Amino acid sequence: MTSRLWPTEALRALGPLFARAVIAPAAGVALLALVLGAGGAPESSWWATVPVTVAAVVGLLLPGWLVAQAWGLRGLTAAGAAPAFTGGLVTLATLLAPPLGWAWERAQLLTGPFGWLWGLAVLLGLATRLLPAPPEAPSLQPEPLTRAGRLLVGGALALAVSLTGLPVLRATGSLDSPLQASDAVYHLSVTAFIRAEGDASPFGATAPMYDGDRFYYPSLWHALAALLPGSVVAGANVLVLVLAALVWPLGMAALLREVLADRDGADPAWAQADGLWLALGVALSGSVVSVLLLLTSVWPYALSVCLLPGCLALVQLACRPGTLGLRGRSRALGLLGLAALGVVGAHGTGAFNLLVLAGPLVLAALTAPVGRLWCRGGRGRLVLGGLAAGGLVLLAAGAWLMRDSLASVFGYERPPGNIPETLYAVVADHPLLATFTPYVPGNALVFLLAAGAVGAGWRACAVLRRWAVGTGLALVLLLLAAGTQWPLRVLAGPWYTQRARLMVLVSIGLLVLAVLGAQELARRWQGVPGWRAALTTPPGRLPLVLLVLSLVLAPAWRWGLRQEVVAAVHDPQRISYGTMLSADELALLRRAPGLLPEDAVVVGNPSNGSAYLWSVAGVRVVYPSRLVPWSEELAWLGEHLHELGSNPQVCEVLRRRGVAYYYSDDAPADGATGGGRQPLWGPHLEEVPREHLELVGSADSGGGTAALWRITACG
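Basis of the calculations
- Residues numbered from 1 in each chain as written.
- Predicted model: local features only at pLDDT ≥ 70, side-chain atom pairs only at ≥ 80, totals over all residues.
- Heavy atoms only, no water.
- Helix = DSSP H or I, 4+ residues; strand = E, 2+ residues; numbered from the N terminus.
- Expected span 1.5 Å × (residues − 1).
- Buried < 20%, exposed > 50% of the residue type's maximum accessible area, 1.4 Å probe, protein only.
- Axes fitted to C-alpha atoms, helices over the stretch in contact; angles between N-to-C directions.
- Parallel < 35°, antiparallel > 145°, perpendicular 65-115°, else oblique.
- Contact = heavy atoms within 4.5 Å.
- Nonpolar A, V, L, I, M, F, W, Y, C, P; charged D, E, K, R; others polar.
- Pairing = 2+ DSSP bridges.
- Disulfide = S-S within 2.5 Å.
- Salt bridge = Lys/Arg side-chain N within 4 Å of Asp/Glu carboxyl O.
- Core = buried A, V, L, I, M, F, W, Y, C linked by side-chain atoms within 4.5 Å.
- Domains from an automatic or database assignment.
- Phe/Tyr/Trp six-rings, centres within 6.5 Å; stacked < 30°, edge-to-face > 60°.

Novice: Can you break down helix α24 (residues 559-570) residue by residue, with the values?
Specialist: Over its 12 residues, α24 runs 17 Å from end to end, which matches the ideal 16 Å to within 8%, given 1.5 Å per residue. Burial analysis of α24 places 10 of its 12 residues in the buried class, the great majority of the element.

Novice: If you had to explain the packing of helix α11 (residues 276-285) against helix α23 (residues 541-553) to someone new, which residues and values would you point to?
Specialist: Direction vectors running N to C along α11 and α23 enclose 10°, while the axes themselves pass 9 Å from each other. Classed by the angle they form, the pair α11 and α23 counts as roughly parallel. Here Leu276, Trp277, Leu280, Ala283 and Leu284 of α11 come into contact with α23, specifically with Leu542, Pro543, Leu546, Leu547 and Ser550. Residues belonging to the contact of α11 with α23 are distributed by class as follows: 9 nonpolar, 1 polar and no charged.

Novice: An account of the pairing of strand β1 (residues 601-604) is requested, with residue identities and associated values reported.
Specialist: The side-chain alternation of β1 yields two buried faces, one formed by Val601 and Val603 and the other by Val602 and Gly604. Pairing between β1 and strand β2 (residues 620-621): 2 bridges, direction parallel. For valine 601, the partnering residue across the bridge sits in β2 and is arginine 620.

Novice: Outline the state of the cysteines, listing residues and values.
Specialist: The full count for this structure, using the stated rule, is 1 disulfide. In this model, cysteine 651 is linked to cysteine 714 through a disulfide, with the two sulfur atoms separated by 2.0 Å. Between cysteine 651 and cysteine 714, the S-S torsion sits near -80°, and that sign places the bridge as left-handed. Taken together, the positions of cysteine 651 in helix α28 (residues 648-656) and cysteine 714 in the segment after β5 (705-711) put the pair 63 residues apart, joining distant regions of the chain. Judged on exposure class, the residue cysteine 651 and its partner cysteine 714 are both buried.

Novice: For the pattern of salt bridges, give the residues involved together with the corresponding values.
Specialist: One pass over the structure, following the stated rule, counts 12 salt bridges. For the salt bridge of aspartate 429 with arginine 558, the shortest nitrogen-to-oxygen distance reads 3.1 Å. Taken together, the positions of aspartate 429 in the loop between α18 (419-428) and α19 (444-457) and arginine 558 in the loop between α23 and α24 put the pair 129 residues apart, joining distant regions of the chain. Judged by relative accessible area, which is 6%, aspartate 429 ranks as buried.

Novice: Tell me about the nonpolar core, and please be specific about residues and values.
Specialist: Core analysis: the biggest nonpolar cluster contains 199 residues, and Trp104 and Trp467 have the highest contact counts within it. Per-element tally for this core: the top contributor is helix α10 (residues 232-266), with 22 residues. The two domains that each donate at least three residues to this core are domain 1 (14-132 + 140-570) and domain 2 (583-711). By size, the runner-up hydrophobic cluster in this structure holds 22 residues, among which are Leu634, Leu637, Leu644 and Cys714.

Novice: Can you lay out the packing of aromatic side chains for me, pointing to particular residues and giving the numbers?
Specialist: Summed over all chains, the structure comprises 12 aromatic pairs. Here tryptophan 221 and tryptophan 299 contribute two aromatic rings whose centre-to-centre distance is 5.0 Å and whose plane-to-plane angle is 20°, an arrangement assigned as stacked. Residue tryptophan 221 is found in helix α9 (residues 220-227), and its partner tryptophan 299 is found in helix α13 (residues 299-318); the two are separated by 78 residues along the sequence. Summarising the burial analysis for this pair, tryptophan 221 and tryptophan 299 share the class buried. Centre to centre, the rings of tyrosine 623 and tryptophan 681 are 4.9 Å apart; their planes meet at 75°, and the pair counts as edge-to-face. Here tyrosine 623 is found in the loop between β2 and α27 (632-640), whereas its partner tryptophan 681 is found in the loop between β3 (661-665) and β4 (693-700), with 58 residues between them in sequence. By relative accessible area, tyrosine 623 is classed as buried at 4%. Among the aromatic side chains, those forming a connected cluster through ring pairs are Tyr210, Phe215 and Trp630.

Put into structure tokens, the structure is as follows:
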């Protein structure tokens, strides 16, 4: 008898699966957005974010989830990997849209390249499953959890969502409050340009930032944010919330589900105890702070990191020894390719992240088939040689195409770090920034469980060994980035030798090892007389004790620390790296469209808040980021704008660029409560003679006055 998935059966299955995988998470995150009083923001602004939040959740999960269903993936793995599938489809669609003449906007999303690719992926998946298959063909999913197990995992996910989402909401204040960090200025402006120009390609989205010149820059984050309803700022803030509070724990749930399925498959006598260990791991995924730190600035990389666990779950599935069969493994590899495209499309460093954490899994899975081919003699060795040569050619071609980007990251110089501080951060999962409360002992329980797993289960558990090797590689790279300028530090180049970017890889590995360690602890204590037997009887007692212990040692998973991390980029009184906008100054920016003509272009020092005019208010600016302008003409203008009225060439450049307005802020450039940060270039941008200006509007900027002016010197 053959096994087929008929369309009627597929449609019949969609209802309950859609409710579990999409509607329930959407309702949970929307509920968080409705906690209006938590942030003290005006009620109307919070209500306005509800459709944005639901759109972000459904938009990230639904397309990828339907692809997963069509290809035979089910349960937590389907839900956790769904955002990575969506990311892969969006990456391809943004590449196809410009040459085909399609604008990247909601109105053309389903009828354009994204809709075509989505439909094609679903149809291909259904086609592979409608073909006859042997009756013994295995499923892509492990044995389903019982109802009690599903409730446990659902409760753990709700806990992780709540203890991440609520502090983020409180510290953000209002979801239309722009994040104040250099990277955020850049990313918000790129997103605004995508909305205005309709080009979300990684080769075209950032062109307006470089005076029309085209370079490769990962644009998946910006493409997703540009599609959300509401303002650019609200969309970016909602995306941070959804990624930190939902996509990350869902991805970790999928990864742990596959890891534990592999562990239990190797030792059938030790079942998953009805989801107890999975629930513990899903809950503990919410205790990690390193992901939230990345989401407070480096959004494209943080998106790649949040998609990574779901992709690693598929690596674990595809590398499962001897249970999938050729057809099942082919489907798993197809899904893995799409998910990996999402991870790498979000940020190129995602390829190196996969190499570090997935490399040991892949190498272990390839050992047996490579050995068999080698033993076949000449023909087998010829095949291996051809595959190796082809792989090297593809690798060399990719490296050559990306040579400029690779040279920039491998050659990136960063001051040396602090190894003792880094080791403390690994043990306690503390952000690698000294301004935050230490919360000793932090998340040390996860580290101790992981260390115990390596010590106790190294010989007995192959899955544990592979994850221990990957985690060890990530730790070595982290310490290389933290050390002095020794030659091997170049290996941390793909992560810009930034410890925070590598720390999250260690966090993923430690979470996996911690669950395996807790499981090993229960195995060793089971049946031992005394308090250890009491902790393991009934089976659910030890996971519950460990969970409560984690909440006590890292107080409610460091609720206060999470608020500090988010407030450090949102609260004008607590910005870590320099405040650029006070509350009154932000209000002035929002009034700007009513003060200026529709085609107005404004010039000003981008470090004093003027760059936000574009992303916050939709008013065009000459300098949309704090970086030195790419154009020689604009760089010259920044150095000579203070010669307005005395140097005719200044007016020539302004007229050529259509610039008729100027933004100033005379507060000290100390970044204390407003005003601006020290400029990265153009120190004379604030020194334009006021006799050549006419005041349009002003506001208190915290120690000074921010003002919009009309330039009168150029006629």
